[in-house]
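# Architecture at a glance
As a plain string of letters, each chain reads:
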Amino acid sequence: MPVTLNAAAPDFETAFAALLGAKREDSPDVDAAVADIIADVRARGDAAVIALTKKFDRVTLTPETLRISAAEIAAAAADVSAEDRAALELAATRIRAYHERQLPEDAEWTDDTGATLGWRWTPVSAAGLYVPGGLASYPSSVLMNAIPAKVAGVPRLAMVVPTPDGVLNPLVLLAAQIAGVDEIYRIGGAQAVAALAYGTQTIAPVDKITGPGNAFVAAAKRRVFGKVGIDMIAGPSEILVIADRDNDPDWIALDLLSQAEHDQSAQSILITTDPAFGKAVSAAVDKRLETLERREIAGASWRDNGAIITVPDLDVAAELSNRIAPEHLELCVADPDALSAKITHAGAIFLGQWTPEAIGDYVGGPNHVLPTARSARFSSGLSVLDFMKRTTLARMTPDALRQIGPAAERLAQSESLEAHGLSVTARLRKLNG
Ligand SMILES: NC(=O)c1ccc[n+]([C@@H]2O[C@H](COP(=O)([O-])OP(=O)(O)OC[C@H]3O[C@@H](n4cnc5c(N)ncnc54)[C@H](O)[C@@H]3O)[C@@H](O)[C@H]2O)c1
Ligand SMILES: N[C@H](CO)Cc1c[nH]c[nH+]1
Ligand SMILES: [Zn+2]
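Reading the values: rules and limits
- Residues numbered from 1 in each chain as written.
- Chains lettered and ligands numbered in written order.
- Predicted model: local features only at pLDDT ≥ 70, side-chain atom pairs only at ≥ 80, totals over all residues.
- Heavy atoms only, no water.
- UniProt positions renumbered as here; feature names shortened; annotations may be inferred.
- Salt bridge = Lys/Arg side-chain N within 4 Å of Asp/Glu carboxyl O.
- Helix = DSSP H or I, 4+ residues; strand = E, 2+ residues; numbered from the N terminus.
- Buried < 20%, exposed > 50% of the residue type's maximum accessible area, 1.4 Å probe, protein only.
- Contact = heavy atoms within 4.5 Å.
- Polar contact = N/O pair within 3.5 Å; in protein donor to acceptor, adjacent residues only side chain to side chain.
- Donors = N, O, S within 2.8 Å, 3.2 Å for Na, K, Ca; no water.
- Tetrahedral: all angles 85-135°; square planar, octahedral: opposite > 155°, others 65-115°.

Under the annotation held in an unreviewed UniProt entry, the protein carries the name Histidinol dehydrogenase and is attributed to Sulfitobacter mediterraneus. If you open the UniProt record of the protein and go to Catalytic activity (unreviewed entry), you find "L-histidinol + 2 NAD(+) + H2O = L-histidine + 2 NADH + 3 H(+)". According to its UniProt record, the protein has this under Pathway (unreviewed entry): "Amino-acid biosynthesis; L-histidine biosynthesis; L-histidine from 5-phospho-alpha-D-ribose 1-diphosphate: step 9/9."

### What about the pattern of salt bridges?
Counted under the stated rule, the structure contains 15 salt bridges. For Arg-223, the salt bridge is made with Asp-31, and the minimal N-O distance between the two is 3.0 Å. Here the residue Arg-223 occupies a position in helix α9 (residues 215-224), and Asp-31 occupies one in helix α2 (residues 28-44), the gap between them amounting to 192 residues. Take Arg-223: its relative accessible area is 43%, and that puts it in the partly exposed class. Among the charged side chains, a network of salt bridges with common partners joins Glu-13, Glu-319 and Arg-323.

### Description of the UniProt feature "binding site: substrate" (unreviewed entry) in the protein
As annotated in UniProt, the feature "binding site: substrate" (unreviewed entry) corresponds to Ser-237, Gln-259, His-262, His-328, Asp-361, Glu-415 and His-420 in the numbering used here. Taken along the chain, the residues just named run across 184 residues; in space they spread out, the farthest C-alpha pair reaching 55.3 Å. Locating His-262 in the fold gives a position in the loop between α10 (249-260) and β10 (267-272). Of the residues examined, His-262 reaches a relative accessible area of 18% and is grouped as buried. Setting aside residues up to four positions removed in sequence, His-262 forms contacts with Leu-135, Tyr-138, Ser-237, Arg-294, Ile-297 and Asp-361. Separated by 2.6 Å, the side chains of His-262 and Tyr-138 make a polar contact.

### Concerning the coordination of the zinc ion (ligand 3)
Here the zinc ion (ligand 3) is held by His-262 (NE2) and Asp-361 (OD), and the distances to it run 2.1 to 2.2 Å. Coordination geometry of the zinc ion (ligand 3): the 4 donor atoms subtend angles of 83 to 176° at the metal centre, consistent with an arrangement described as irregular. Separated by 99 residues along the polypeptide, His-262 in the loop between α10 and β10 and Asp-361 in helix α15 (residues 357-362) bring together distant segments of the chain.

This is the structure:
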């Protein structure tokens, strides 16, 4: 049974703190296993990746078969039905249009000293795109990773995707072809993240690793940060639905299950102003779990991590939501815009009962690679900016140096960094004859 809480109950704060503190993905066991995997890949390269892929994905590879060949990609793409291709292309078009609006502008100006200042954006040289594939297959995540990277102008896109028991959904390869991915390797988990970060005999290292994955992938990304850039921690999926009584309980139940079915570590929470509605949703979830294809995973997630919270009003709902900082937040209330204005921490907001979260997973346009585990307090969903960096520019004229140089000399003195000060002094002496 999921936890049921009442925000007006005396023990609410303790129970809510326990819900917030639950370690769904941040376990020391996972981190220790990941540390060993990364060390092995750093030491043995391809040999370690091949052994770990045999162990975790039950696939026997060689250095020659780590990379999926152009012929395999073409054959898989040709196998996809016209309807599936059209759906992927619609998704790609909408995701590209959304992300093109994120392209940042360079800037340059001259200030009143005559100094010219500014900044310039450039893409990373190589991006490693993690596409999950352990419990489900994610052609949509190929598009969500690769399209912003392409829009940013990244010259080399290297994608990794696990193929458990050697099986790979052809739509994953078609999506990679549509989005313009350059290299695809059939590996996953922490070993794939380590291979992208440190390189192996076959896989050249990248500069930035993006994409969602399970707890092992999330832990590996945390560990390789610094050697490479990462986008964020996009671990097991989460949804928080705030709903009033004027909703169909079955719709809300399905929205909760849509994220629960990703992973038993996923989390689905309902906050409602009406306890009777909460009970109706709970019954609807149970009914759906009788027949849902992925009922084992979704049922375990709902039982272990699910929650239904009753609140006195929507202000309290917004306050609790901000403390949860969910990956996805659905606002199924009469005035979703008014409630949205009170939300300060959420990866993505879905406004109104006609906007199921699943639209955002596939075709809405915004990115579905989003911060989990309360990291929406300090990070954002994947965007074009994740594949770019900003270089600052400064040009002094003799006059500008005359005006602002002396302050630099003083500050260098105060930091006891003599050469810093002298590099300015030498120029000022020349200027002052
Ligand atoms: N936050 C987001 O933006 C977002 C988007 C899509 C999916 N997701 C999440 O991504 C995850 C996908 O998970 P998945 O499992 O389907 O695929 P995955 O590719 O993330 O993980 C599969 C890999 O995990 C590794 N692994 C599994 N068990 C292991 C063990 N005991 N020890 C070491 N390594 C092990 C294996 O190497 C395997 O290849 C789900 O949690 C889903 O909710 C999140
Ligand atoms: N809901 C996931 C992000 O947490 C993304 C996804 C892909 N396919 C279906 N869903
Ligand atoms: Zn989803």
